Amino acid sequence: MLSANATAANSVLNGIDPIPDQTTGGEGALSGQKAKFDVDSRNAISLAADHYFFIPQVKLKNSNFLWLSAAKPIVGSSGRFSPDLQSWIRDENLDPAWLKIGTDIVGGTAFQTENPN
């Protein structure tokens, strides 16, 4: 447990809408416990060079488990981070498509990219 009462500036939980109404701005601030998980994978996984989606899931008896994110740094200019490898999300409203959390759902006048952590 890193913090018993941590606050996140914005959230994306239920407001995930399919295109063309995908940019909802998020659902606002929320607070809860902040925890850190360390995973030790002793058996190597050999994958061909490519991009892969890592979809961690946590089962709770009640409440919601949400991942925290931090702003991705812009390197060298004020433009897009390259390569643009931000967090993606999918739920039953989007299936089979995926949306970028920062750019597609949160949106805004500034280019939004987020790193899950």
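Up top you'll find the structure we're talking about.
Conventions used here
- Residues numbered from 1 in each chain as written.
- Predicted model: local features only at pLDDT ≥ 70, side-chain atom pairs only at ≥ 80, totals over all residues.
- Heavy atoms only, no water.
- Patch = residues over 30% accessible without salt bridge, like charges linked within 9 Å, V, L, I, M, F, W, Y side chains within 5 Å.
- Areas by Shrake-Rupley, 256 points an atom, 1.4 Å probe, with all protein chains shown as cover.
- Salt bridge = Lys/Arg side-chain N within 4 Å of Asp/Glu carboxyl O.
- Helix = DSSP H or I, 4+ residues; strand = E, 2+ residues; numbered from the N terminus.
- Phe/Tyr/Trp six-rings, centres within 6.5 Å; stacked < 30°, edge-to-face > 60°.
- Buried < 20%, exposed > 50% of the residue type's maximum accessible area, 1.4 Å probe, protein only.
- Core = buried A, V, L, I, M, F, W, Y, C linked by side-chain atoms within 4.5 Å.
- Contact = heavy atoms within 4.5 Å.

Draft legend 1. Spotlight on a nonpolar patch on the surface. A cluster of nonpolar side chains, namely F37, V58, L60 and W67, defines an oily patch on the protein surface of about 390 Å² accessible area. By the element assignment, L60 lies in the loop between strand 2 (30-34) and strand 3 (69-71).

Draft legend 2. Fine view of the packing of aromatic side chains. With the rule as written, the count across this model stands at 2 aromatic pairs. Taken together, a centroid distance of 5.8 Å and an interplanar angle of 65° make the contact between F37 and F65 edge-to-face. Taken together, the residues F37 in the loop between strand 2 and strand 3 and F65 in the loop between strand 2 and strand 3 connect sequence positions 28 residues apart. Judged by its relative accessible area of 52%, F37 is exposed. The class of F65 is partly exposed, set by a relative accessible area of 29%. With a centroid separation of 4.9 Å and an interplanar angle of 80°, the aromatic rings of F65 and W67 are classed as edge-to-face.

Draft legend 3. Broad picture of the nonpolar core. Core analysis: the largest hydrophobic core is formed by 7 residues, namely V12, I16, I89, L94, L99, I101 and I105. In this structure, I105 is in contact with V12, G15, I16, Q22, T23, T24, G25, G26, I89, L99 and K100, ignoring residues within four places of it in sequence.

Draft legend 4. Broad picture of the pattern of salt bridges. Following the criterion strictly, the structure yields 3 salt bridges and no others. With its nearest N and O atoms 4.0 Å apart, the salt bridge here joins K36 to D38. Residue K36 is classed as exposed on the basis of its relative accessible area, which comes to 56%. Taking the relative accessible area as the measure of exposure, D38 reaches 67% and is therefore exposed. A salt bridge links R42 to D40; the nearest nitrogen and oxygen atoms lie 2.9 Å apart.

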